[in-house]
Amino acid sequence: GEVAAEEAADQGDELVLELGEGLGGLLFDRQALHRCCVELVSNALDALVETEGRGRITLRTERAPDGWSLTVMDTGPGMTEEQLRKVLRGGYSSKGKAGSGLGVAQVRELMKRHGGAVEVTSEPGKGTAFHCRFPLVSPEGVDPERGDP
């Protein structure tokens, strides 16, 4: 969190944490959560380069009846429907040679392997939001303390 906040500040952007109540004691794969956060916040920081120091990333956690969610939202340039489809397929990057375009596809695969799901909403000129839904308990075979089986 601190590294991302410093990187955002260096760009003139802001990282806001909105951590929900009632998440203590939930089982989840810590490595999966860390990888999702790093990838999604990194993508948001890259998107905010275009805002020239006026952007905001919000990282929000919330409890839900069947699990909990992690949402990473940015106020970057957003994506068209076509760009969104390409991003979700994997191998597409708006960063040119600087990006592999595999990050979101990896997040989707990671969420799927751990019984969760990811949804993306985006609108050109308004930003993008990635919503990761985690189950209350990891599927059998995943040790929540260690990470991947």
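Check the entry above for the structure.
This one's a predicted model, so the numbers in the text were calculated from it and none came from an experiment.

**Student:** Could you give me a rundown of the overall build of the protein chain, with the residues and numbers involved?
**Tutor:** Helix and strand counts for the protein chain come out as four helices and five strands. Relative to its full complement of 149 residues, the protein chain shows a buried share of 40%. As displayed, the protein chain offers around 8,600 Å² of accessible surface, 50% of which is attributable to carbon and sulfur atoms.

**Student:** Please provide a residue-by-residue account of the state of the cysteines, values included.
**Tutor:** A complete count under the given rule lists zero disulfides for this structure. A disulfide-free cysteine, Cys-36 has its sulfur positioned 4.9 Å from the sulfur of Cys-132, the nearest such atom.

**Student:** Please set out the pairing of strand β4 (residues 117–123) residue by residue, giving values where relevant.
**Tutor:** Two elements, β4 and strand β5 (residues 127–135), share seven bridges in a ladder whose sense is antiparallel. For Glu-119, the partnering residue across the bridge sits in β5 and is His-131. If you look at the hairpin formed by β4 and β5, you'll find three residues sitting between the two strands, and Gly-125 has a positive phi there, around 85 degrees.

**Student:** Account for helix α4 (residues 103–113), naming residues and giving values.
**Tutor:** The set of residues buried in α4 consists of Gly-103, Val-104, Val-107, Leu-110 and Met-111. Buried residues of α4, seen end-on, are gathered within an arc of 120 degrees and therefore sit on one face of the element. Buried-residue contacts for α4 involve α2 (30–48), α3 (81–89), β4 and β5. Positive backbone phi, at 80 degrees, marks Gly-115, one or two positions downstream of α4.

**Student:** Describe the side chain of Ser-69, naming the residues involved and giving the relevant values.
**Tutor:** Here Ser-69 shows up in strand β3 (residues 67–74). Residues contacting Ser-69, with those up to four places away along its chain left out, are Arg-60, Thr-61, Glu-62, Cys-132 and Arg-133.

**Student:** Account for α2, with residues named and values stated.
**Tutor:** The end-to-end C-alpha distance of α2 is 27 Å, a good match for the 27 Å that 19 residues give at a rise of 1.5 Å each. In this structure, the buried residues of α2 make contact with α1 (2–11), β2 (56–64), β3, α4 and β5.

**Student:** How would you sum up the nonpolar core? Please name residues and give values.
**Tutor:** Ranked by internal contacts, the top residues of the largest apolar core, which has 29 residues, are Ile-57, Leu-70, Val-72, Val-107, Met-111, Cys-132 and Phe-134. Contributing elements (two or more residues each) for this core: α1, α2, β2, β3, α3, α4, β4 and β5. Broken down by element, this core gets its largest block of residues, nine residues, from α2. Apart from the residues within four sequence positions on either side, Val-72 is in contact with Leu-40, Val-41, Ala-44, Ile-57, Thr-58, Leu-59, Thr-128, Ala-129 and Phe-130.

Conventions and cut-offs
- All residue numbers refer to position in the chain's written sequence, counted from 1.
- Local features in this predicted model are restricted to residues whose pLDDT is 70 or higher, and side-chain atom pairs enter the listing and the counts only when it is 80 or higher, whereas totals over whole chains, interfaces and linings include all residues.
- With hydrogens and water stripped out, all remaining heavy atoms of the structure feed into the side-chain values.
- Secondary structure elements follow DSSP: runs of H or I of four or more residues count as helices, runs of E of two or more count as strands, with numbering from the N terminus.
- Relative accessible area decides the class of each residue, using a 1.4 Å probe on protein chains only: under 20% of the type maximum gives buried, over 50% gives exposed, and in between gives partly exposed.
- All accessibility values rest on the Shrake-Rupley procedure with a 1.4 Å probe; residue burial counts only the protein chains present in the view.
- The criterion for a disulfide is a pair of cysteine sulfur atoms lying within 2.5 Å.
- Paired strands, as defined in this entry, are two strands with at least two bridges between them according to DSSP.
- This arc is built from the directions going out from the helix axis to the C-beta atoms.
- Pairs of residues are marked as contacts when any of their non-hydrogen atoms sit within 4.5 Å.
- To estimate the expected span of a helix, count its residues, drop one, and scale the result by 1.5 Å.
- Put simply, buried Ala, Val, Leu, Ile, Met, Phe, Trp, Tyr and Cys residues joined by side-chain atoms within 4.5 Å make one nonpolar core.

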